[in-house]
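What the coordinates show
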Amino acid sequence: MLRFDEKADRVVPPTGFTARLTLFSAFAMAFLAVFALALSLAAGRVAERWGDELAQSSTVRISAPAGEVARQTEAALRVLRTTPGIVDARALTDEEQRALLTPWFGADLPVEDLPLPQLIDIEETPEGYDAAGLRLRLAAEAPAAVLDDHARWRKPLTRAASRMRWLGWAAILLIGAATASMVTLAANASLAANAQVIAVLRLVGATDAYIASAFVRRFALRALGGAAGGTLIGVGALFLVPSGGDDTGFLTDLSIQGWGWLWVLLIPPVFGLVAFFATRFAAKRVLEELA
């Protein structure tokens, strides 16, 4: 295990190119990590919200001739209101159905002139109801009623949001791997550029652990500083993303909330640790080659 000596890195001349490369790489990757983290957390929130909202709501659609709609609707409401697991059932008004169609067809849609089915909104208990049994009762008393428990909508939506969450974490892992690669390349270049200095240090009795600690400390601190700056700028950029409110998806809700800020605070030290181990690996390999 390396022990840092604050004076150790002074024995190795600084290399401007590798310093700038390490700072910029850590800055850029930390900036991207903030957005990948925000995307993952937002997708997780959307998956939970969609799952909760769709899991406790269902819809009955009444498709019948104009003269039968009212009777079938009343029959369906009687069945629904006497079904265990259903808190309330309510037929939507024309204005409410118009509001549902407005995002797709515009505000001037003549609802009264279209043969639209009557929709009944169902509010469920957390335990839910027996969908198969309810369908049998509706078929007997209101044949024109079709039950939609939103299962075919809920599963694909929550699955897609969950995959976006895991893609965000996968992106963070790739960002960490790319950072380690670039720090390793910068450390290799710095060690190679100081080959003569390393040889002189060995002649005067410096151990490889002492020499390696100089490079490890220098690159770890540079990565830590660059990542701190990139994280700060990334968080600031998140506040510039317009929020669409609670009813939108993850693309308009890129924000850090609650415990997510702990993950943000971990980004700079994690980048410092990545640089520590990457530089340590590079220093061990190069010093063995120069032996």
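The structure contained in this document is the topic of the report that follows. (Residues numbered from 1 in each chain as written. Predicted model: local features only at pLDDT ≥ 70, side-chain atom pairs only at ≥ 80, totals over all residues. Heavy atoms only, no water.)

**Section: the overall build of the protein**
Filter applied, for reference: Numbering goes from the N terminus for both helices and strands, where a helix is a DSSP run of H or I of at least four residues and a strand is a run of E of at least two. Contacts: residue pairs with any heavy atoms within 4.5 Å of one another.
Counting secondary structure elements, the protein contains eight helices and four strands. What you see in the protein, going N to C, is helices and strands ordered as α-β-α-β-α-β-α-β-α-α-α-α. Contacts in the protein between residues far apart in sequence, at least 24 positions, make up 86% of those at least 6 positions apart.

**Overview of the nonpolar core**
In globular proteins that are soluble, nonpolar side chains generally tend to be buried together. The line we're drawing: Take the buried Ala, Val, Leu, Ile, Met, Phe, Trp, Tyr and Cys residues and link them wherever side-chain atoms come within 4.5 Å; each set so joined is a nonpolar core. Using a 1.4 Å probe on the protein chains alone, a residue whose accessible area is under 20% of its type maximum counts as buried, one over 50% counts as exposed, and one in between counts as partly exposed.
Residues Ile175, Leu238, Ile256, Ile267 and Phe271 are the most contacted members of the largest nonpolar core, which totals 23 residues. For this core, the secondary structure elements donating two or more residues are helix H1 (16-55), helix H5 (151-193), helix H7 (208-238) and helix H8 (260-290). No other element matches the ten residues that H1 contributes to this core. Excluding anything up to four places from it in sequence, isoleucine 175 contacts Met29, Leu32, Ala33, Ala36 and Phe271. Listed in part, the 19 residues of the second largest apolar core include Ala75, Val79, Ala89 and Ala145.

**Remarks on the side chain of glutamine 72**
Where we set the bar: Polar contact is the term for a pair of N or O atoms within 3.5 Å; when the atoms are in protein, one must be able to donate a hydrogen and the other to accept it, and sequence-neighboring residues count only if both atoms are side-chain atoms.
Its place among the elements puts glutamine 72 in helix H2 (residues 66-81). Within the local environment of glutamine 72, its side chain forms a polar contact with the backbone nitrogen of alanine 144, the two atoms lying 3.4 Å apart.

**Quick look at the environment of arginine 163**
Among the structural elements, arginine 163 can be located in helix H5. By relative accessible area, arginine 163 is classed as exposed at 56%.

**What about the side chain of serine 25?**
Mapped onto the secondary structure, serine 25 falls in helix H1. Taking the relative accessible area as the measure of exposure, serine 25 reaches 4% and is therefore buried. Within polar-contact distance, the side chain of serine 25 engages the backbone oxygen of leucine 21 at 2.7 Å.

**Some remarks on the packing of H7 against H8**
Put simply, the rule is: Note on geometry: axes are lines fitted to C-alpha atoms, helical ones only across the stretch in contact, with angles between N-to-C directions running from 0 to 180 degrees. In what follows, roughly perpendicular refers to angles from 65 to 115 degrees, roughly parallel to angles under 35, roughly antiparallel to angles over 145, and oblique to any angle outside these ranges. Left-handed describes a crossing whose near helix is turned anticlockwise from the far helix by less than a right angle; the clockwise case is right-handed. Under the grouping applied here, Gly and all other residues not named as nonpolar or charged are polar, the nonpolar ones being Ala, Val, Leu, Ile, Met, Phe, Trp, Tyr, Cys and Pro and the charged ones Asp, Glu, Lys and Arg.
One can describe the packing of H7 onto H8 by two numbers: an axis separation of 8 Å at closest approach and a directional angle of 150°. In terms of axis orientation, H7 runs roughly antiparallel to H8. When the axes of H7 and H8 are compared, the crossing they make is right-handed. Across the contact of H7 with H8, the residue classes break down as 21 nonpolar, three polar and two charged.

**A short note on H2**
The test is simple: In this analysis, the expected span of each helix is defined as 1.5 Å times one less than the number of residues it contains.
With 16 residues, H2 extends 24 Å from end C-alpha to end C-alpha; this agrees with the ideal 22 Å at 1.5 Å per step. Taken together, the buried positions of H2 are Gln72, Thr73, Ala75, Ala76, Leu77, Val79 and Leu80.

**Some points on the packing of aromatic side chains**
Defined as follows: Stacked, edge-to-face and tilted labels apply to pairs of Phe, Tyr and Trp rings (six-membered ring for Trp) whose centres lie within 6.5 Å, assigned for plane angles under 30 degrees, over 60, and everything in between, in that order. Any Lys NZ or Arg CZ found within 6 Å of a ring centre and within 35 degrees of that ring's normal is scored as a charge over the ring.
For the structure on display, the rule yields three aromatic pairs. Here the aromatic rings of tryptophan 169 and tryptophan 263 are separated by 5.1 Å at their centres, their planes lie at 70°, and the arrangement is edge-to-face. Here tryptophan 169 is found in helix H5, whereas its partner tryptophan 263 is found in helix H8, with 94 residues between them in sequence. For the ring pair phenylalanine 276 and phenylalanine 277, a centre distance of 5.0 Å and an interplane angle of 90° mean the geometry is edge-to-face. Take phenylalanine 277: its relative accessible area is 48%, and that puts it in the partly exposed class. A cation over an aromatic ring shows up here: arginine 222 above the ring of phenylalanine 219, its NZ or CZ 5.5 Å from the ring centre.

**Notes on the environment of serine 162**
Here serine 162 is to be found in helix H5. Along the chain, serine 162 and arginine 45 lie 117 residues apart, while their C-alpha atoms are 9.4 Å from each other.

**As for the pairing of strand S3 (residues 118-124)**
Walk down a regular strand and you will see the side chains alternate between the two sheet faces. So the rule is basically this: By definition, two strands form a pair when at least two bridges between them are found by DSSP.
Residues Gln118, Ile120, Ile122 and Glu124 point to one face of S3 and are all buried, whereas Leu119, Asp121 and Glu123, pointing to the other face, are not buried. Here strand S2 (residues 86-91) runs beside S3; their pairing, made up of five bridges, is antiparallel. Bridge pairing in S3 places alanine 91 opposite isoleucine 120.

**Digging into a nonpolar patch on the surface**
Inclusion rule: Distance thresholds for patches are 9 Å for like charges and 5 Å for nonpolar side chains (Val, Leu, Ile, Met, Phe, Trp, Tyr), applied to residues having over 30% relative accessible area and no salt bridge. Per-residue and other accessible areas were derived by the Shrake-Rupley procedure at a 1.4 Å probe size, with only the shown protein chains allowed to occlude residues. For salt bridges, the criterion is a side-chain nitrogen of Lys or Arg within 4 Å of an Asp or Glu carboxyl oxygen.
Judged by side-chain polarity, Phe27, Leu232 and Ile233 come together as a nonpolar surface patch covering roughly 300 Å² of accessible area. In this fold, leucine 232 is placed in helix H7.

**A short note on the packing of helix H6 (residues 195-203) against H7**
The contact between H6 and H7 brings their axes to 10 Å, and the two run at 140°. If you check the angle between H6 and H7, you find them oblique. Classified by chirality, the crossing of H7 by H6 is right-handed. Across from Ile198, Leu201 and Arg202 in H6, the residues of H7 making contact are Asp208, Ile211 and Phe215.

**Overview of the pattern of salt bridges**
Tallying each qualifying case throughout the model produces three salt bridges. With its nearest N and O atoms 2.6 Å apart, the salt bridge here joins arginine 71 to glutamate 68. With arginine 71 and glutamate 68 both in helix H2 and three residues apart, this pair spans about one turn of that helix. A residue is classified by how much of its surface remains accessible, and glutamate 68, at 31% relative accessible area, is partly exposed.

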